[in-house]
Every structure is written in C-alpha cells, then in structure tokens.
Amino acid sequence: MVTSSLSVEQTPAAESPLTSESPYKDHASDLDSQPQISPTSSISMSSDTNDPAETKYCKKPKFIVFDSKLEEFLYLMQCPKCSSGVSEIQKSFQGTMVMIISLCNSGHTDIEWSSQPCIGKAAVRNLLSAAVISFSGNMYTNISYFINLLGVKFFSHTLFYDIQGKHFIPVVNSFYLSQTEDILSSLSESDLQLMGDGRCGSPGYSGKYCSYTM
C-alpha cells in the first residue's frame, strides 16, 4: 500500500515533458547500487504480523503497470507546499524496481517513491524473481526473453547470477549438508550393503580416468 500526503486534482493529465528528452537510468547490473531515494520510505505492508517480512512479500499481490499510466497518475498530483502541479518526473531503475522523483512548477520535490520495498539494498522483486527462476527449474535466458518481449523492465544476467551465488546457492548447500548429516546419523548404527560400478573414459574409449559410483 502506497501512502502519500499529496492531494489529487481531477483534471486531465498533462503531457510528460520528459517523454523524449530524459532517458531512463538502468542500475540493473549492480546488486549493491544505492538507490537515489529511500525505497521503503513511502511503502507499508499490511499483512499478518505473525509472518516474517519475507513471507509477507511472497504472499502480497503484485502488478505490472504501464509507464504511461503511472505518469498519468503522477501528473494529477498537487504539491503539498504550494499546490502547483507536477512539472517534471525523474525515473531510475534497479532491475525490476522503478524509483521516482517528481518536481512541481515551483521547484519543490513532491514525491520520492519506489515501486517495491527493499531488503537492505536489494529490491524485493529482484530477489523473488531470481528465486522463482532458480527453484522452478527455469532458465534465466528463457524468462528474460519472454519479459523483454513484453517490454517489462528486468534485471541483467549478471545480477541474476550475483543474487543466486550470494543468497540461494549457500542456502541450498546448507540444507543439503544438513540432510546428509541426518541420513548418515540415522544409518550410523545400521548394517549397510553397498553396490558400486566403475566406468573409464566417458565419453570415448580413453582409459585415463575412471569414475566409480557407490
């Protein structure tokens, strides 16, 4: 839920002055890039307080919004200091997150807003998207191709593998080692019958290397 102290004037939306002059800044390749604004300053999560924050983020509904409709809404805003309209909108990106700063006709900063919360410096939907790709058995290349065809902002493969290496692989390895220890502990006092087989030089006919599986 986005909270704001700005009032809405029911007048037709003004034409964006930045449509052709201000290119978007993309910070998708840097996981630790510091956003220009505080991404959580105007966002509150309403959910069961017994759930951890990470669970709330997974359960909350999410939307894909057209850039033109977002600007249409922003240009309806009035400055809380002088009641003038919005004259300029500045956008920057961190993967799937858009960060917005708007200025009024008098030069006041009206809105400092981001499209999603952050955990530390990492945008939550970047983390969730990378997790879904990894744990659903999909490939980043296929998902990225699909998202790019839709024209939706997405993070680079560099950021994806960075998130995967820093956050997901250590968790998977830790869980695997824990499960292995539990299995070995349960079998430590039992009689075991092991079977094995070896294979040399795969593929081909070279006998230089042998792999033996128990």
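Right, let's talk about the confidence of the model for the protein chain for a bit. In this model, the protein chain carries a mean pLDDT of 75, and residues with pLDDT of at least 70 account for 71%. Confidence, read as mean pLDDT per element, is least for strand 1 (residues 25-26) in the protein chain (42) and greatest for helix 4 (residues 140-150) (94). pLDDT under 50 marks residues 1-49. Its contacts with residues more than four places away, or in other chains, come to 108 contacts.

Opposite charge on two side chains permits them to pair, given that their charged atoms come into close proximity. With the rule as written, the count across this model stands at 4 salt bridges. One salt bridge connects Lys 91 with Asp 67, and the closest N-O pair in it is separated by 3.3 Å. Taken as a pair, Lys 91 in strand 2 (residues 86-94) and Asp 67 in helix 2 (residues 67-74) lie far apart in primary sequence, 24 residues in all. Take Lys 91: its relative accessible area is 9%, and that puts it in the buried class. You can call Asp 67 partly exposed: its relative accessible area is 32%. Lys 166 is the salt-bridge partner of Asp 162, the closest N and O atoms lying 3.6 Å from each other. Remark: Lys 166 and Asp 162 occur in helix 5 (residues 157-187); sequence separation between them is 4 residues, near one turn of the helix. A network of salt bridges, in which partner residues are shared, links Asp 67, Glu 71 and Lys 91.

All right, on to the nonpolar core then. Of all hydrophobic cores here, the largest spans 13 residues; its most connected members are Ala 130, Tyr 140, Phe 154, Phe 155, Phe 160 and Ile 163. Going through the elements one at a time, helix 3 (124-135), helix 4 and helix 5 are the ones with two or more residues in this core. The residues touching Ala 130, leaving out its near neighbours within four places in the chain, are Phe 155, Phe 160, Ile 163 and Phe 168. Counting 11 residues, the second largest nonpolar core, distinct from the first, contains Tyr 75, Val 86, Phe 93 and Trp 113.

For Ser 83, which is not glycine, the phi torsion reads 65° and is therefore positive. You can see Ser 83 is positioned in the loop between helix 2 and strand 2. The exposure class assigned to Ser 83 is partly exposed, which follows from its relative accessible area of 49%.

All right, on to the pairing of strand 2 then. Two faces belong to every sheet, and in a regular strand the side chains alternate between them. One ladder, built from 8 bridges, connects strand 2 with strand 3 (residues 97-104); its direction is antiparallel. Within the sheet, the bridge partner assigned to Gln 94 lies in strand 3 and is Met 97. The hairpin formed by strand 2 and strand 3 contains 2 residues between the paired strands, and Gly 95 there has a positive phi angle of roughly 65°.

Conventions adopted
- Residues numbered from 1 in each chain as written.
- Predicted model: local features only at pLDDT ≥ 70, side-chain atom pairs only at ≥ 80, totals over all residues.
- Heavy atoms only, no water.
- pLDDT = per-residue confidence, 0-100.
- Helix = DSSP H or I, 4+ residues; strand = E, 2+ residues; numbered from the N terminus.
- Contact = heavy atoms within 4.5 Å.
- Salt bridge = Lys/Arg side-chain N within 4 Å of Asp/Glu carboxyl O.
- Buried < 20%, exposed > 50% of the residue type's maximum accessible area, 1.4 Å probe, protein only.
- Core = buried A, V, L, I, M, F, W, Y, C linked by side-chain atoms within 4.5 Å.
- Pairing = 2+ DSSP bridges.

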